[in-house]
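Inside the fold
Now for the letters of each chain:
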Amino acid sequence: MYLDTREFADNWRDVYRLCTAFIQPRPIALVSSISADGRRNVAPYSFYNMVSANPPVVMFAPSYRRDATGKDTLHNVEATKEFVVATVTENITEQMNDCSFDYPPEIDEFGIAGFTPKPASIVKPALIAESPVNVECVLEDIKRFGDTPGAGSVVFGRIVAVHVDDRILADDKLVDPNKLKAVGRMGRSTYARTTDRFDLPRPTARDTNVG
Ligand SMILES: Cc1cc2nc3c(=O)[nH]c(=O)nc-3n(C[C@H](O)[C@H](O)[C@H](O)COP(=O)(O)O)c2cc1C
């Protein structure tokens with residue numbers, strides 16, 4: 001198939017569905033934030049990645065809803081300039097999904113999903129105790145692609161603290177993927193486990209015959 005997406009401006013959801021079914025598997029950020037008046041919020045975002053190592057920066061991208069309103073997480077990080085990203089792992093997928101309903105801003109998804117809020121070290125939003133990895137971030141920048149339905153805003157956050165449960169560490173002090181059990185988002189309503197893996201060392205100068 002071939003699709004000229006410029007002809008699909010009115011059918012952006014078709015392009016979204018097509019592209020998210022091949023841009024996969026995507027890691028899932030469970031973003032904890034608070035509003036200006038201190039209300040807690042949790043929501044999953046699979047447009048998520050680390051985009052700078054020095055300084056360490058992550059991004060996630062809340063889209064405008066179909067009624068052209070911005071999501072609570074976007075409003076919160078704009079207002080308070082802080083957020084926490086918890087990694088979505090097998091043990092919390094159902095609870096993560098519970099948080100993805102568009103609840104009104106006054107609803108605290110910690111309560112809805114049965115998550116335990118744990119005080120962060122540096123930022124005000126709470127860590128999610130049920131996730132083995134929580135990353136504290138301060139807002140670095142927001143890049144907006146408009147304010148019409150489906151328009152994304154990329155939120156960049158500088159990592160200021162990382163919490164990893166010692167029980168998921170390997171001997172080399174990095175996270176053991178067998179213990180992390182991260183979950184990825186595929187297209188449609190499909191998710192992936194991270195249990196089928198292989199190693200592929202990067203090529204050296206000798207392998208490439210360069211020089
Ligand atoms: C696994 C998963 C990943 C999601 N990823 C995104 C995303 O990257 N961007 C987005 O705008 N919405 C995403 N959503 C939908 C939001 O989680 C949903 O709109 C949520 O209600 C937003 O909550 P908030 O208004 O409290 O921020 C995702 C939902 C699920 C279940």
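Residues numbered from 1 in each chain as written. Predicted model: local features only at pLDDT ≥ 70, side-chain atom pairs only at ≥ 80, totals over all residues.

Side note on the nonpolar core
- One finds Ile 28, Ala 29, Leu 30, Val 31, Phe 60, Val 84 and Val 85 to be the most contacted residues of the largest nonpolar core, which totals 31 residues.
- Within the residue set of this core, elements represented by two or more residues are strand 2 (29-34), strand 3 (40-45), strand 5 (57-60), helix 2 (72-80), strand 6 (82-87), strand 8 (127-128) and strand 9 (133-144).
- Among the elements that make up this core, the one with the highest residue count is strand 6 (4 residues).
- Ignoring anything within four residues of it in the chain, the contact list for Val 84 reads Ser 32, Ala 120, Val 123, Pro 125, Ala 126, Leu 127, Asn 134, Val 135, Glu 136 and Cys 137. (Core = buried A, V, L, I, M, F, W, Y, C linked by C-beta atoms within 7 Å. Buried ≥ 20, exposed ≤ 12 C-beta atoms within 10 Å, placed from the backbone. Helix = DSSP H or I, 4+ residues; strand = E, 2+ residues; numbered from the N terminus. Contact = placed C-beta atoms within 7 Å.)

Regarding the environment of Asp 147
- Residue position: Asp 147 is located in the loop between strand 9 and strand 10 (153-164).
- For Asp 147, the contacting residues outside a window of four places in its chain are Tyr 64 and Ala 68.

Notes on helix 2
- Here helix 2 has its buried residues at Asp 72, Thr 73, Leu 74, Asn 76 and Val 77.
- Check the buried side of helix 2 and you find it contacts strand 2, strand 3, strand 6, strand 9 and strand 10.
- Lys 81 lies just past helix 2 and shows a positive phi near 65°.

Focus: the site of the ligand
- If you check the shell around the ligand, you find 18 residues, and the closest are Ala 43, Phe 47, Lys 71, Asp 72 and Thr 73.
- Where the shell around the ligand is concerned, the elements lending two or more residues are strand 3 and helix 2.
- Of the residues belonging to the shell around the ligand, the class tally is 8 nonpolar, 6 polar and 4 charged. (Near = placed C-beta within 6 Å. Nonpolar A, V, L, I, M, F, W, Y, C, P; charged D, E, K, R; others polar.)

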